[in-house]
Amino acid sequence: MKSGAAVTDASLALNLNGNSFVSLQNGTSTLKSGRDYTLSGSTLTVKASYLSKLASGALGEEEVLTANFNSGPAWKIHVRYYNTPVLQNTSGTTSSFAIPTAFNGDQLATMEAVYATGGNAGNG
């Protein structure tokens, strides 16, 4: 959930591999299908009305939901409240490489390097 933005439904594609979805939990509480979430085919959607209850306003992880299946491990779904990360200028050498970043509740998942004038940066 992004800080300052309206909370909206959040959808997640499930790759069930022949398994069946059983339940969605927050700790020991089981969420109610139709009220808190929906499952349409292999798309799990947590409703905005439920997510709004989790938004404390503090940046970072709000809750960890658990998706349970008839076989295999449960999936942990990390619900985060974040704002756009902010990068700061830096200088240094490759032996002390650092990118000073205020993640603002977000978590690094992927990154890309591009020149300010356009085009991909890096070797190649």
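Residues numbered from 1 in each chain as written. Predicted model: local features only at pLDDT ≥ 70, side-chain atom pairs only at ≥ 80, totals over all residues. Heavy atoms only, no water.

### A look at unusual backbone geometry
Inclusion rule: Helix and strand labels come from DSSP, where a helix needs a run of H or I of at least four residues and a strand needs a run of E of at least two; each type is numbered from the N terminus. The classification of residues rests on relative accessible area computed with a 1.4 Å probe and restricted to protein chains. Under 20% of the type maximum is buried, over 50% is exposed, and intermediate values are partly exposed.
At N17, a residue that is not glycine, the phi angle is positive and equals roughly 50°. Relative to the assigned elements, N17 resides in the loop between β1 (10-13) and β2 (21-26). Judged by its relative accessible area of 63%, N17 falls in the exposed class.

### A word on the packing of aromatic side chains
How two aromatic rings sit relative to each other is given by the distance of their centres and the angle of their planes. Under the convention used in this document: The rule is short: rings of Phe, Tyr and Trp, with Trp giving its six-membered ring, pair when the centres are within 6.5 Å, and they are stacked under 30 degrees, edge-to-face over 60, tilted in between.
Scanning all chains against the criterion turns up three aromatic pairs. When the ring of F21 is compared with that of Y37, the centres are 5.7 Å apart and the planes differ by 65°; the resulting orientation is edge-to-face. Taken together, the residues span a long stretch of sequence, with F21 in strand β2 and Y37 in strand β4 (residues 37-40) at a distance of 16 residues. This pair shows no difference in class: F21 is buried, exactly as Y37 is. Taken together, F21, Y37, F69 and W75 form an aromatic cluster joined through their ring pairs.

### Some remarks on the environment of G60
Stated formally: The criterion used for residue contact is that any of the two residues' heavy atoms lie within 4.5 Å.
Tracing the sequence through the fold places G60 in strand β6 (residues 60-69). You can call G60 buried: its relative accessible area is 10%. For G60 and L44, which are 16 residues apart along the polypeptide, the C-alpha to C-alpha distance reads 22 Å. Sequence-distant contacts of G60, defined by excluding residues within four places in its chain, comprise V79, R80, Y81 and G105.

### What to know about the pattern of salt bridges
Operational definition: Each salt bridge in this description consists of a side-chain nitrogen of Lys or Arg and a carboxyl oxygen of Asp or Glu lying within 4 Å of one another.
This structure, assessed with the given rule, holds two salt bridges. For D36, the salt bridge identified is with R35, shortest N-O distance 3.1 Å. In this structure, R80 engages E61 in a salt bridge whose closest nitrogen and oxygen atoms are separated by 3.7 Å. A residue pair is termed long-range when its members are at least 10 positions apart, and R80 in strand β7 (residues 75-81) and E61 in strand β6 qualify at 19 residues.

### Quick notes on the pairing of β6
Rules: Any two strands are treated as partners once DSSP identifies two or more bridges connecting them.
Of all ten residues in β6, seven are buried; the element is thus mostly enclosed. Examined bridge by bridge, β2 and β6 share five bridges and lie antiparallel to one another. Opposite Q25, over in β6, you have T66 as the bridge partner. Pairing of β6 with β7, which is carried by seven bridges, proceeds in the antiparallel orientation. When the bridges of β7 are listed, G60 appears paired with Y81.

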